[in-house]
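Next come the chains, spelled out residue by residue.
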Amino acid sequence: MSKISRDEVAHLAGLARLAVTEEELDTFAGQLDVILESVARVGEVAAQDIPPTSHAVPVTNVFREDEVRPSLPREAALDGAPAAEENRFRVPRILSEEA
Amino acid sequence: MTQTATGGGSELTGLTAADLADRLASGEVSAVEATRAHLDRIAAVDGTVHAFLHVDEEGALAAARQADDDRAAGRPASPLAGVPLALKDVFATSDMPTTCGSKMLEGWVPPYDSTVAERLREAGIVVLGKTNMDEFAMGSSTENSAYGPTRNPWNTERIPGGSGGGSAASLAAFEAPLAIGTDTGGSIRQPGAVTGTVGVKPTYGGVSRYGLVAFSSSLDQPGPCARTVLDAALLHEAIAGHDPMDSTSINAPVPQVAAAAREGAAGDLTGVKVGVVREFAGEGYQPGVERSFQAAVAQLSKLGAEVVEISCPHFEYALGAYYLIAPSEASSNLARFDAMRYGLRVGDDGTRSAEEVMSMTREAGFGPEVKRRIMLGTYALSSGYYDAYYGQAQKVRTLITRDFTAAFEQVDVLVSPTTPSTAFPLGERTGDPLAMYLADLCTIPVNLAGNAAMSVPSGLSDEDGLPVGLQIMAPAMADDRLYRVGAAYETARDAASGGPLIESIPALEVA
C-alpha cells in the first residue's frame with residue numbers, strides 16, 4: 001500500500017468539508033499513514049470468493065402502514081437552527097456571485 | 001446481597017438497583033429519598049470524577065415524585081420504578097441537552113426523545129442526567145470528550161475506558177446504580193472492565209437505536225450498565241424489544257435475561273460448554289489480566305462448566321476490519337453536521353458560501369479523533385481504494401461471523417479477557433491513535449457479527465490492583481446465556497473473595 005501524502009490528506013479534508021490547518025495536515029498525514037498500514041492487514045486474508053457483509057441483520061424493505069401521523073411542529077424543528085427567518089432555515093449563500 | 005462499599009457514600013447509594021427496588025416496593029424508602037441521595041452523592045464526588053455532562057436535579061426529582069405517586073396509587077410503572085439512572089449523552093432527550101461530548105452540539109436540546117429515553121420514562125426510571133463520553137462515541141478512554149475527561153473512581157489518574165467512561169464511572173463512584181451505554185466496538189464492555197462494573201452489548205437489533213446519534217449504524221447497539229449482573233438484566237428488559245421506529249430492530253420476544261440471571265446465581269453450570277478463544281492471549285496482554293482470566297476460567301470449570309479451547313482464526317483481522325468499516329460509516333453519518341439545521345455554525349458573515357461555512361464549522365466543531373476517522377472513512381470509501389479497504393473489510397466481516405457460527409456449534413458461550421490491559425494512565429495514549437485502538441481488540445468481533453456479549457468483573461490485576469473484566473460472548477438472540485453464566489461466575493467470585501469486587505474500591509474524596 002502506498003504511503004498517504006500530505007496532498008492526499010488535503011484532498012480528503014476537502015471532500016469531508018474540513019477546513020484543516022497546515023499543522024493538522026502534517027499531524028494527520030503521519031497518523032493516517034500508521035493507521036492505514038495497520039488496517040491494511042485485512043488484505044492478507046484470502047477472501048476472493050467470500051461475499052461481503054454490510055450488516056449483521058440482513059433485512060430488506062421493512063414496511064409499515066401508510067398512515068398520517070403527527071410530525072414535528074415547525075417551531076420545534078427550527079428551535080435548534082443556527083439561524084431562522086420567516087419560519088424557514090436561513091443558510092449562507094449557495095450560489096457564487098457570478099452565477 | 002446488599003452492597004455497602006467503603007466508597008459507597010450513603011446507605012442508599014451503596015445499594016444495588018434490585019435491593020433499592022425492593023425497598024421502594026416495601027415502602028421503606030421513597031423514590032424522592034433515593035433520588036436525593038444520588039444527587040447529593042453527585043454533588044459530593046462529581047467534581048473529581050466528572051462522570052456527568054449535565055445533571056437534571058429538577059427533572060429527576062419530578063420523575064421521582066411521579067414514581068412515588070404511582071406507587072401510592074397501587075400502579076408502579078415497572079419493577080425498577082423510582083430507581084435512578086445515568087444516561088449516556090448520545091441519546092436524544094427533549095428535556096435535556098444532548099451533546100455527544102462534542103462542541104458541535106453544545107447546548108443542543110433535541111426536539112424529540114430517543115426510544116431508550118422514552119422506555120426509561122415509561123418504566124418510571126429516574127434519569128439523573130447525561131454522562132460524559134468520547135466525542136461521538138469515538139474512543140476508548142473518554143479523553144476525546146470536548147468537555148474534559150472522566151476519571152476512573154478506582155484511581156483518578158487513570159482512564160475510565162470509553163467511549164462510555166461517564167456511564168461506567170458513575171456506577172463505580174456510586175452516583176447511580178444503573179446506567180445506559182452504547183457499544184459500537186466495545187464502548188460498554190471496555191469501560192465496564194476497567195471500572196469493575198458490568199456492561200452488556202445486547203444482540204444487534206435487540207435495543208432500538210431510534211434517537212441514538214449515529215456513529216456506525218451497522219454496529220451501534222445500546223445496552224445496560226450496572227454494578228451487578230442481575231441489575232443489568234433488569235435494565236436490559238426495561239429497554240429491549242421491537243421498535244417500529246428502528247427498521248433494524250428485531251421483531252421477536254426479548255430473551256428472558258432476568259430469569260437467566262436468577263437461575264445463574266444458583267451457581268450450577270453443569271451442561272454448559274464454554275469456549276476459550278485461543279487468539280485472545282499472549283503478546284500484548286498484561287500478565288495480571290491473563291492471570292485473572294485464567295482464574296475466572298478455572299472458576300467456571302469448578303461451577304460445572306465444560307471448558308474447551310476454540311480457535312477463531314479470523315479474529316486477528318477484526319481490529320483492521322473495524323477501523324475501516326466504522327470510520328466509513330461515520331464519515332457518512334457525520335455528514336449531517338453541516339451547520340444548516342441544528343448545532344454549531346461558524347463563519348456565517350454574510351459573504352461566505354454555505355460550503356465555506358460548512359467546512360469552517362466542521363473544523364471548529366469536531367475534535368482530532370473525529371476528524372481522523374472522517375478522513376480515514378473518506379479514504380477507505382474513495383474510488384481506487386474501495387475494494388482494497390472497505391470491500392475487503394466487509395469480506396473479513398463475513399469470515400468473522402463464520403468463525404462465530406462454527407464456534408457456537410461446539411460451545412454455548414465463548415470467553416476472553418474484555419480488554420488486554422487494566423485502566424491506563426490519563427494522557428498515555430492520546431498521541432498514539434493506534435495504541436488507543438488496541439483497547440478494543442477483544443470486543444470488536446462481536447460488533448462485526450452482531451451477536452451479544454457481556455463484561456463482568458473478574459477481580460483485580462495482581463500487579464497494579466486495578467479491575468479486570470471477563471468477556472462472555474453468546475450467539476445472536478441468546479443474550480440470556482450471558483446472564484446465566486455471568487451471574488453464576490459473579491456469585492462464585494464474590495463468595496470466594498468475601499464480597500463484591502466494587503466493595504474494595506478506595507473511598508473518593510468528598511467535596
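The structure reproduced in this document is the subject of the present report. Note that the coordinates shown come from a computational prediction; the quantities given were computed from them, not determined experimentally.

### Points about the packing of helix α1 (residues 6-15) of chain A against helix α2 (residues 22-39) of chain A
Residue and element names in this part refer to chain A.
Okay, so step 1: It is at 9 Å that the axes of α1 and α2 come closest, and there the two elements cross at 105°. In terms of orientation, α1 lies roughly perpendicular with respect to α2. Side by side, α1 and α2 meet where R6, V9 and A10 of the first sit next to E22, L25, D26, F28, A29 and L32 of the second.
Okay, so step 2: The residue makeup of the contact of α1 with α2, split by class, is six nonpolar, no polar and three charged.

### Description of the pairing of strand β10 (residues 452-460) of chain B
Residues and elements named next belong to chain B.
Okay, so step 1: Most of β10 sits out of view: eight of its nine residues are buried.
Okay, so step 2: With three bridges connecting them, strand β5 (residues 198-201) and β10 associate as antiparallel partners. Directly across from G199, in β10, lies its bridge partner S455.
Okay, so step 3: Counting the residues in the hairpin turn of β10 and strand β11 (residues 467-474) gives six residues, including G465, whose phi is positive at 70°.

### Focus: the interface of chain A and chain B
Okay, so step 1: With 54 residues of chain A in contact, the opposing surface of chain B contributes 62 residues.
Okay, so step 2: Of the roughly 5,000 Å² buried between chain A and chain B on both sides combined, carbon and sulfur atoms contribute 67%.
Okay, so step 3: Taken together, chain A and chain B are joined by four salt bridges.
Okay, so step 4: Note that E316 of chain B and R41 of chain A form a salt bridge whose closest N and O atoms lie 2.9 Å from each other.
Okay, so step 5: Here chain A and chain B share 20 residue pairs in polar contact (both at pLDDT 80 or more) between them.
Okay, so step 6: Within the residue set of the side of chain A that touches chain B, elements represented by two or more residues are α1, α2 and α3 (74-79) of chain A.
Okay, so step 7: No other element matches α2 of chain A, which puts nine residues into the side of chain A that touches chain B.
Okay, so step 8: Here the side of chain A that touches chain B is built from residues that sort into 37 nonpolar, ten polar and seven charged.

### Some details on the sheet that holds strand β4 (residues 178-182) of chain B
Residues and elements named next belong to chain B.
Okay, so step 1: Strand order in the open sheet formed by eleven strands is β1-β3-β2-β4-β6-β5-β10-β11-β9-β7-β8, and the pairing between neighbours is mixed. This sheet does not close on itself; its edge strands, each paired only once, are β1 (52-55) and β8 (306-310). In this sheet, adjacent strand axes meet at a mean angle of 25° when their direction is disregarded.
Okay, so step 2: The pairing of strand β7 (residues 273-277) with strand β9 (residues 413-417) spans three bridges and is classified as parallel. Paired with V274 across the strands is V413, a residue of β9.
Okay, so step 3: Where helix α3 (residues 57-72) meets the sheet, it contacts β1 and β3 (126-131), and its direction lies at approximately 155° from that of β3.

Here is what the cut-offs are and how they apply
Residues numbered from 1 in each chain as written. Chains lettered and ligands numbered in written order. Predicted model: local features only at pLDDT ≥ 70, side-chain atom pairs only at ≥ 80, totals over all residues. Heavy atoms only, no water. Axes fitted to C-alpha atoms, helices over the stretch in contact; angles between N-to-C directions. Helix = DSSP H or I, 4+ residues; strand = E, 2+ residues; numbered from the N terminus. Parallel < 35°, antiparallel > 145°, perpendicular 65-115°, else oblique. Contact = heavy atoms within 4.5 Å. Nonpolar A, V, L, I, M, F, W, Y, C, P; charged D, E, K, R; others polar. Buried < 20%, exposed > 50% of the residue type's maximum accessible area, 1.4 Å probe, protein only. Pairing = 2+ DSSP bridges. Buried area = accessible area lost by both parts, 1.4 Å probe. Salt bridge = Lys/Arg side-chain N within 4 Å of Asp/Glu carboxyl O. Polar contact = N/O pair within 3.5 Å; in protein donor to acceptor, adjacent residues only side chain to side chain.

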